[in-house]
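# Residue-level structure breakdown
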Amino acid sequence: MGHAEGQISVAVFYAPETGEPDLRTLRLPAGATAEQAVQASGLHAAHPELAVLDVRWGVDGRRVLPHQVLRDGDRIDLCRPLQVDPMTARRLRAAASKASSKPRR
């Protein structure tokens, strides 16, 4: 991929509740951890709400901890807490769909 020896390329992604999604691409030394990537990304400075949210980190849909060693090409997703339980949200959507599809009299 044309990387300098001993370097990896990773991305860190955060989608705030309002505003534009933020994707930062970084080159770090091989052996870098998720925590080092998040710190180097500058996302905490750009999105101060990250300091107070219970943010979870994931790579490829799997939760990772700060000490997780990254591989070349990894993308760390910073995930905000869920506002609604997914099953509850599904039930609410189904109920709304049924209500809107009933014939009007």
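Numbers given for residues are sequential positions, taken from 1 along each chain in its written order. In keeping with the model being predicted, local features are shown solely for residues with a pLDDT of at least 70 and side-chain atom pairs are shown and tallied solely at 80 or more, while totals for entire chains, interfaces and linings include all residues. Side-chain numbers come from the whole structure's heavy atoms, not from hydrogens or water.

Let us look at the overall build of the protein. A run of DSSP states H or I qualifies as a helix once it reaches four residues; a run of E qualifies as a strand once it reaches two. Both are numbered from the N-terminal end. Looking only at helices and strands, the protein has three helices and five strands in total. For the protein, the succession of helices and strands along the chain, N to C, is β-β-α-α-β-β-β-α. At 19 Å, the protein has a C-alpha radius of gyration far larger than the 13 Å of a compact globule built from 105 residues. Projected onto the principal axes, the alpha-carbon positions of the protein cover approximately 70 × 30 × 25 Å. Throughout this description, buried means an accessible area under 20% of the type-specific maximum (1.4 Å probe, protein chains only), exposed means over 50%, and partly exposed covers the range between. Per-residue burial over the protein gives 29% buried out of 105 residues. Sequence-distant contacts in the protein: of pairs separated by 6 or more residues, those separated by 24 or more amount to 50%. Note that accessible areas follow from Shrake-Rupley with a 1.4 Å probe, and for residues the cover is restricted to the protein chains shown. In the form shown here, the protein has an accessible surface area of approximately 7700 Å², with 52% of it arising from carbon and sulfur atoms. Positive charges come from Lys and Arg, negative ones from Asp and Glu, while His and the chain ends are left out of the count. For the purpose of locating charges, the reference atoms are NZ of Lys, CZ of Arg, CG of Asp and CD of Glu. The positive charge centre, built from 15 side chains, and the negative charge centre, built from 12, are 16 Å apart in the protein. Throughout, the radius of gyration refers to the C-alpha atoms, and the reference size of a globule is 2.2 Å times the residue count to the power 0.38. Note on contacts: a residue pair qualifies if any of its non-hydrogen atoms lie within 4.5 Å across the two residues.

Relative to the elements of secondary structure, arginine 63 occurs in strand 4 (residues 62–64). Separated by ten residues in the primary sequence, arginine 63 and leucine 53 place their C-alpha atoms 16 Å from one another. Setting aside residues no more than four positions away along its own chain, arginine 63 makes contact with Arg56, Trp57 and Gly58.

Ranked by internal contacts, the top residues of the largest apolar core, which has 19 residues, are Val12, Ala37, Trp57, Leu70, Ile76 and Leu78. Secondary structure elements with two or more residues in this core: strand 1 (7–14), strand 2 (22–29), helix 1 (34–41), strand 3 (56–59) and strand 5 (75–79). Of all the elements, strand 1 adds the most residues to this core, at four residues. Apart from residues lying up to four places away in sequence, leucine 70 is in contact with Ile8, Val10, Ala32, Thr33, Ala34, Ala37, Val59 and Ile76. Here the nonpolar core consists of buried residues drawn from Ala, Val, Leu, Ile, Met, Phe, Trp, Tyr and Cys, with membership extended through side-chain atoms lying within 4.5 Å.

Below, the discussion takes up the packing of aromatic side chains. To describe a pair of aromatic rings, you give the distance between the ring centres and the angle between the ring planes. Aromatic rings from Phe, Tyr and Trp, with only the six-membered ring used for Trp, were paired whenever their centres fell within 6.5 Å, and each pair was classed as stacked if the ring planes differed by under 30 degrees, edge-to-face if by over 60, and tilted otherwise. All chains considered together, the criterion is met by zero aromatic pairs. For arginine 75, the ring lying beneath its charged end belongs to phenylalanine 13, and the centroid distance is 4.7 Å. For a Lys NZ or an Arg CZ to count as sitting over a ring, it must be within 6 Å of the ring centre and within 35 degrees of the ring normal.

Right, let's get into helix 1. Every buried residue belonging to helix 1 is among Ala34, Ala37, Val38 and Ser41, and all of these are buried. Along the axis of helix 1, the buried residues cluster in a sector spanning 95 degrees; they form a single face. Looking at the buried residues of helix 1, the elements they touch are strand 1, strand 2, helix 2 (43–46), strand 3, strand 4 and strand 5. Immediately beyond the C-terminal end of helix 1, within one or two residues, lies glycine 42, with a positive phi of roughly 80 degrees. Throughout, the arc means that of the directions going from the helix axis to the C-beta atoms.

Pairing between two strands is assigned when DSSP locates at least 2 bridges connecting them. Ordered by their spatial adjacency, five strands build an open sheet running 2-1-5-3-4, and the pairing between neighbours is mixed. Looking at the sheet topology across the chains shown, the edges are occupied by strand 2 and strand 4. Adjacent strand axes in the sheet meet at a mean angle of 35 degrees, parallel and antiparallel pairs treated alike. Along the sheet face, helix 1 touches strand 1, strand 2, strand 3, strand 4 and strand 5 and points at about 120 degrees away from the line of strand 2. The convention used is that axes are lines fitted to C-alpha atoms, helices contributing only their stretch in contact, and that angles between N-to-C directions extend from 0 to 180 degrees.

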